[in-house]
Amino acid sequence: MFVCLFAIVLAVLDLQIVSAAAVPIVRDLDPVHGIDHFPWLVSAFALASAAMLPLYGKLCDTLGAKRVFLGAVGTFLLGSALCGLARSMGELIAARAVQGLGGGGLMSVTMVVIAQLAGPGEQGPGRGGGLGGVVAGGGMALGPWLGGFLADHAGWRWIFYVNLPLGIVVLAAGALVLNLPDQPVRRPLDWAGAGLAAAFSTALLLVTDWGGRTYAWSSPRITGLLCAAVVALALFLWRQRRAAEPVLPLSLFRVPALRWGFVVQGITGAAMMCAIYYVLVYLQVARGLSSSAAGLFLLPMAAGMTAVGILTGRLSGSARTLTLTGTLTMTAVFALLATTVTPDTPLWLIRAELLLAGAGFGQLVGRLIELVQNAAPRPLLGVATTGIRFFQTLGNALGAALFGTVLFRLVDGDVSAIPTLHGAEHVAAVRDFVHATDVVFGCGAAVMLLATLLATRLPRAQAKAPAGTLPDGALDRVPEEARRTAS
């Protein structure tokens, strides 16, 4: 289990850690044009990770999770080493893509490994899946701060080099201690379906990354990417209906727990990115904090996620119940942010609201994965696990596009120029920006309320009967004499 948790930490940190090291990376590799290419350092990792997710699930079900896990860790380490050795922005972006190919499997395949370690029906609260979710959420909150710390005190290359000793330990320990069932029957892979899924996710993520910022929504490039995404999705669905071994069998969507679990996970993924990103933007733009100082505000969120994750693991309760209470908590948090964030809100109040946000997300991270794993047919465990991660990735991207569009439509001028203004002009710009931020948080509350309503459609899991008792309804099938004896 420690091997799995270390792998999750590596995956989540590298998704967020680069954002805090923009200045030293650009200054070292390309001071003139580097800032224009910097967004690709994040996008290359995310695109490669998302493109590999459907294939990773099928590989786990076909080759066995241990082989795929070790391959993902090895690919991630290769990419990390190449990132640290990069001598130009182009080399670094290419190395980040290689790192993303492995990073996409670190999180999703590790969840499959945890489920197989636990065994059928044992992924309840407090098991490895829930703890893995808490570790993932804490890593997401701490990533920007850790990136800034390493960049300031050790150099930006150590953001990537730090993965090597940790990753080698994970790789060696995984090879030695993981004892997972092998797949005795080799089945063919649907390479065409995997390629279509990668094409769809890549086109969609590029639309959400570029639309409204780099290119206008009505520009030919964005329109072309949208058309490509629609065509790739249609072909993917057609392929999945006809392939002998589809990478994402459409039959999974007939299972209510999987169908609604995928949707709710996507929505909560979008909201989590909103809570982290736009609070940091508010602190830097409206309050004038540095990126590293703003990153420290995420420590209460990480503490709340860890504490609540451990507490709920010790209490009895289904994944459905925790999902409902978590989405309700996050609806209240976004409503508080929308009504209390002003140009001079006390910073202790922001920290308190982020602590409450951590409590809400601590009930959510990992729970839907548990629910999906418990409901999935055992031969399709890998596909179901990577499927819910795939929907979370798409939710992150669509949420960033939705909330970003709302913000930039309401703010006049360039947000990055606000800290350079002075006097009345600065006061007016900050006021307009904070108003736009409040609207974004209000949208977040509406999105989480929708997630709450959809979570009510999740099936109620039957509680396990304690040892030595009969399950509900069993006595109805027992003869009268035996029933009296049992009584």
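Residues numbered from 1 in each chain as written. Predicted model: local features only at pLDDT ≥ 70, side-chain atom pairs only at ≥ 80, totals over all residues. Heavy atoms only, no water.

(A) How the structure looks around the overall build of the protein chain. For the protein chain, the count of helices and strands is 20 helices and 0 strands. When burial is assessed residue by residue, the protein chain has 53% of its 487 residues classed as buried. Once local pairs closer than 6 in sequence are excluded, the contacts in the protein chain between residues at least 24 apart make up 84%. Roughly 21000 Å² of accessible area belongs to the protein chain as shown, and the carbon and sulfur atoms make up 67% of that amount. (Helix = DSSP H or I, 4+ residues; strand = E, 2+ residues; numbered from the N terminus. Buried < 20%, exposed > 50% of the residue type's maximum accessible area, 1.4 Å probe, protein only. Contact = heavy atoms within 4.5 Å. Areas by Shrake-Rupley, 256 points an atom, 1.4 Å probe, with all protein chains shown as cover.)

(B) Fine view of the packing of helix 12 (residues 256-285) against helix 17 (residues 367-375). Two elements in contact, helix 12 and helix 17, have axes separated by 9 Å at closest approach and are oriented at 160°. One finds that helix 12 runs roughly antiparallel with respect to helix 17. The two elements helix 12 and helix 17 cross, and the hand of that crossing is left-handed. On helix 17, the residues that touch Ala257, Leu258, Gly261, Phe262, Val264 and Gln265 of helix 12 are Leu368, Ile369, Leu371, Val372 and Ala375. The class makeup of the residues in the contact of helix 12 with helix 17 is 9 nonpolar, 2 polar and no charged. (Axes fitted to C-alpha atoms, helices over the stretch in contact; angles between N-to-C directions. Parallel < 35°, antiparallel > 145°, perpendicular 65-115°, else oblique. Left-handed = near helix turned anticlockwise from the far one by under 90°. Nonpolar A, V, L, I, M, F, W, Y, C, P; charged D, E, K, R; others polar.)

(C) Summary view of the environment of serine 49. Position of serine 49 relative to the elements: it lies in helix 4 (residues 39-63). Sequence separation of serine 49 and threonine 393 is 344 residues, and the distance between their C-alpha atoms is 8.9 Å. Discounting chain neighbours no more than four positions away, the residues touching serine 49 are Gly100, Gly103 and Gly104. Here phenylalanine 45 takes part through its backbone oxygen, which lies 2.8 Å from a polar atom of the side chain of serine 49. Polar side-chain contacts of serine 49 include one of 3.0 Å to the backbone oxygen of glycine 100. (Polar contact = N/O pair within 3.5 Å; in protein donor to acceptor, adjacent residues only side chain to side chain.)

(D) Structural detail: the packing of helix 15 (residues 319-340) against helix 19 (residues 423-455). Taken N-terminus to C-terminus, the directions of helix 15 and helix 19 make an angle of 160°; their axes are 8 Å apart at the nearest point. Taken together, the axes of helix 15 and helix 19 are roughly antiparallel relative to one another. As for the relative orientation of helix 15 and helix 19, their crossing is left-handed in sense. Side by side, helix 15 and helix 19 meet where Arg320, Thr323, Leu324, Thr327, Leu328, Met330, Thr331, Phe334, Ala335, Leu337 and Ala338 of the first sit next to Asp438, Phe441, Gly442, Gly444, Ala445, Met448, Leu449, Ala451, Thr452 and Ala455 of the second.

(E) How the structure looks around the nonpolar core. Counting 105 residues, the largest nonpolar core has Phe69, Val113, Met330, Phe334, Ile350, Phe433 and Phe441 as the members making the most contacts within it. The element contributing the most residues to this core is helix 12, with 18 residues. Non-local contacts of methionine 330, meaning those with residues more than four positions away in its chain, are made with Ala357, Gly360, Phe361, Leu364 and Met448. Formed by 17 residues, the second largest nonpolar core is a distinct cluster that contains Leu47, Trp210, Ile222 and Ala397. (Core = buried A, V, L, I, M, F, W, Y, C linked by side-chain atoms within 4.5 Å.)

(F) Here's a closer look at the packing of aromatic side chains. As enumerated under the stated definition, the model contains 7 aromatic pairs in all. Centre to centre, the rings of tryptophan 156 and phenylalanine 160 are 6.2 Å apart; their planes meet at 85°, and the pair counts as edge-to-face. Judged by its relative accessible area of 5%, tryptophan 156 falls in the buried class. Note on phenylalanine 253 and phenylalanine 391: the rings are 6.2 Å apart at their centroids and 65° apart in plane angle, and the pair reads as edge-to-face. With phenylalanine 253 in the loop between helix 11 (220-242) and helix 12 and phenylalanine 391 in helix 18 (residues 381-410), this pair connects stretches of sequence that are 138 residues apart. Residue class for phenylalanine 253 comes out partly exposed when judged on its relative accessible area of 26%. (Phe/Tyr/Trp six-rings, centres within 6.5 Å; stacked < 30°, edge-to-face > 60°.)

(G) Region of the structure containing helix 6 (residues 89-118). With 30 residues, helix 6 ought to run about 44 Å at 1.5 Å a step, and its terminal C-alpha atoms sit 43 Å apart, in line with that. Its axis deflected by about 30° at leucine 106, helix 6 carries its strongest bend there. In terms of residue burial, helix 6 counts as a mostly covered element, since 23 of its 30 residues are buried. (Expected span 1.5 Å × (residues − 1). Bend = angle between axes of the 7 residues up to and from the residue.)

(H) Structural context of helix 18. Over its 30 residues, helix 18 extends 44 Å from the first C-alpha to the last, a length consistent with the 44 Å expected when each residue adds 1.5 Å. Burial of helix 18 is extensive: 22 of the 30 residues sit out of reach of the surface.

(I) Representation of the pattern of salt bridges within the structure. If you walk through the whole model with that rule in mind, you get 3 salt bridges. Ionic pairing is found between aspartate 28 and arginine 157, a salt bridge with its closest N-O pair at 3.7 Å. Placement of the pair is aspartate 28 in helix 2 (residues 22-29) and arginine 157 in the loop between helix 7 (128-153) and helix 8 (158-161), with a sequence separation of 129 residues. Taking relative accessible area as the criterion, aspartate 28 reaches 43% and is therefore assigned partly exposed. On the accessibility criterion, arginine 157 (18% relative accessible area) is buried. For lysine 58, the salt bridge is made with glutamate 245, and the minimal N-O distance between the two is 3.1 Å. Residue lysine 58 is found in helix 4, and its partner glutamate 245 is found in the loop between helix 11 and helix 12; the two are separated by 187 residues along the sequence. Given the relative accessible area of 1%, lysine 58 is considered buried. (Salt bridge = Lys/Arg side-chain N within 4 Å of Asp/Glu carboxyl O.)

(J) The arrangement of the environment of valine 440 in detail. Looking at where valine 440 falls in the secondary structure, it is placed in helix 19. Distance from valine 440 to alanine 275, taken between C-alpha atoms, is 9.7 Å for residues 165 residues apart in sequence. In this view, valine 440 contacts Cys274, Tyr278, Phe403, Val406 and Leu407; residues no more than four positions away in its chain are not counted.

(K) Quick peek at a nonpolar patch on the surface. Taken together, the side chains of Phe2, Phe6 and Leu166 make up a nonpolar region of the molecular surface, amounting to roughly 330 Å² of accessible area. Note on placement: leucine 166 falls in helix 9 (residues 163-177). (Patch = residues over 30% accessible without salt bridge, like charges linked within 9 Å, V, L, I, M, F, W, Y side chains within 5 Å.)

(L) Layout of the side chain of asparagine 163. For asparagine 163, the location among the structural elements is in helix 9. Classification of asparagine 163 by relative accessible area gives buried; the value is 3%. Within the local environment of asparagine 163, its side chain forms a polar contact with the side chain of serine 80, the two groups lying 3.2 Å apart.

(M) How the structure looks around the side chain of glutamine 392. With respect to the element layout, glutamine 392 can be found in helix 18. Among the polar contacts made by the side chain of glutamine 392, one reaches the side chain of glutamine 265 at a distance of 3.0 Å. Side-chain polar atoms of glutamine 392 contact the side chain of arginine 389, separated by 3.1 Å. Non-local contacts of glutamine 392, meaning those with residues more than four positions away in its chain, are made with Gln265, Gly266 and Gly269.

Honestly, it's all geometry; don't read function into it.
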